[in-house]
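# Overview (structure and organization)
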Amino acid sequence: MLSGIRSSRGGHRVLGVALVVAAVAVTGCSPLGGEPKPARKLHASKTARAGSGPTGTPRSAASAAPDPRTAAQFVARARRAMEDEQGWTFVLRGSESAVMRGQAPSSATYTATVHRTTGPEALQQTGTVTTGKGERKSEVVYVVGGTGYVKDGAGAWKKGPLSDPGIANDVEDPLAELDAFEAYAKSAKVSRRTGAGGGLVRLQVDASGWQLSAARGRPALKRAVREVEPTLAQLRKAGVTATDGRITLKSFTETWDLDATHGYRLASHRYAFTFLVPFQGGDITVSQEVRADNRGVFTGRVALPADAT
C-alpha cells in the first residue's frame, strides 16, 4: 500500500504474521522468524508543490467530449485527464492483518507520499511501516525507466523489474493501477455522488467466494492474489498446509472515485480484500486495505539518489 501491507516477501513490507506464525508453531509446526511488515503497496521531493486538493485545468477537448456513460468510458476520460499534467502527488494509507482464532491479531500499517510524473513516467515514494508492536521503519521506493528501486530503513537498495513480485508489491502507483483497471472496468458498477466540492463518479468492483486457485485467473483479482502470496508462503513455512483450492476469497472491493468537475480525474483509489486460510478446524483471516488520495499537481521531477544506481 499500500502496500506496505503484506507478508514475508523477503524484503517487502511484510504484514505481520509473526504472532499468527508463533501460534502455529505452538501446535508443533516449525516456527518462522522475522519481523512483520505491512502491505501496500511510491520520498517526497523538495520541489513538490502539492496543494490541498487537485488543481489544474482540464483540457478543452475533454470538456467538449460527450459525457461518458460506461465504466470503460469513464476510465478513458480519467486517464486523459491525468495525462494532462506533468505529475501528481498522492497520499497513501494502508493496513494489513492476520488473525487466528484465540490469538491476538498480527498487524501493520503503512503511510506514504507518492510523486508520480507522466512525462517521463517515474515514481518516488516515501513511507513508514508501523508494526502492531509500535516499531517503525522507513521505506523509500523509486520507479525510473521501468525499473524499481526499494530501500528499507538503513538497508541496501534492492533493484529489479516491475515484473518481479518482490519489487511490484512495494510499488504503489495509482496511474499504473488505473491502466490495469481498464482491462476489467466493464465489470464495475457506476454511480454518481454530489457534494459541496462538486460531483464524483464512483466505479466499484466487488467479488467474493472465489477459491484462490480460480482467483488467479481473474484480472480484477490479480493484485490481491499477488499481495497475499508472501503471507501464504510464510504461513506454509510455519506448517499451514491448506492448498489453493481450500483458501477462499471472503471479500474483495476496489473503488475508484473520479472528479466530475475536473475532467473525471482520479480523486481516490481504494482496494481491500480478505482471504480465509483453513487451519485446525478454523480459519486464519488475512486482510489488507490500501487507499490513495490525490493531493494535487506535482511540478517537480523524480531523480534517483546517487547511491541507488
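See the structure printed just above.
Remember, it's a predicted structure, so these values are computed and weren't measured experimentally.

Over its 16 residues, helix H7 (residues 222-237) extends 23 Å from the first C-alpha to the last, a length consistent with the 22 Å expected when each residue adds 1.5 Å. Glu-229 marks where H7 bends most, by close to 35°; the proline Pro-230 follows one to four residues later. Buried residues of H7: Arg-223, Ala-224, Val-225, Glu-227, Val-228, Pro-230, Thr-231, Leu-232, Gln-234 and Leu-235, and no others. Positive phi shows up at Gly-239, right after H7, with a value of about 115°.

Looking now at the packing of aromatic side chains. In this structure the tally under the stated criterion is six aromatic pairs. Between the aromatic rings of Phe-74 and Tyr-264, the centroid separation amounts to 5.2 Å while the plane-to-plane angle is 70°, which identifies the pairing as edge-to-face. With a gap of 190 residues between them, Phe-74 in helix H3 (residues 71-83) and Tyr-264 in the loop between strand E11 (248-259) and strand E12 (265-279) connect regions that are remote in the sequence. Pair check on accessibility: Phe-74 and Tyr-264 agree, each one buried. Taking the centre distance of 6.4 Å and the plane angle of 15° together, the rings of Tyr-271 and Phe-273 count as stacked. You can call Phe-273 buried: its relative accessible area is 2%.

With omega at -5°, the peptide bond leading from Gly-119 into Pro-120 counts as cis. Structurally, Pro-120 can be placed in the loop between strand E4 (106-118) and strand E5 (121-131). Positive phi is not limited to glycine here, since Gln-280 has a value of about 50°. Mapped onto the elements, Gln-280 comes out in the loop between E12 and strand E13 (282-297). Given a relative accessible area of 54%, Gln-280 falls into the exposed group.

Thresholds applied
Residues numbered from 1 in each chain as written. Predicted model: local features only at pLDDT ≥ 70, side-chain atom pairs only at ≥ 80, totals over all residues. Heavy atoms only, no water. Helix = DSSP H or I, 4+ residues; strand = E, 2+ residues; numbered from the N terminus. Expected span 1.5 Å × (residues − 1). Bend = angle between axes of the 7 residues up to and from the residue. Buried < 20%, exposed > 50% of the residue type's maximum accessible area, 1.4 Å probe, protein only. Phe/Tyr/Trp six-rings, centres within 6.5 Å; stacked < 30°, edge-to-face > 60°.

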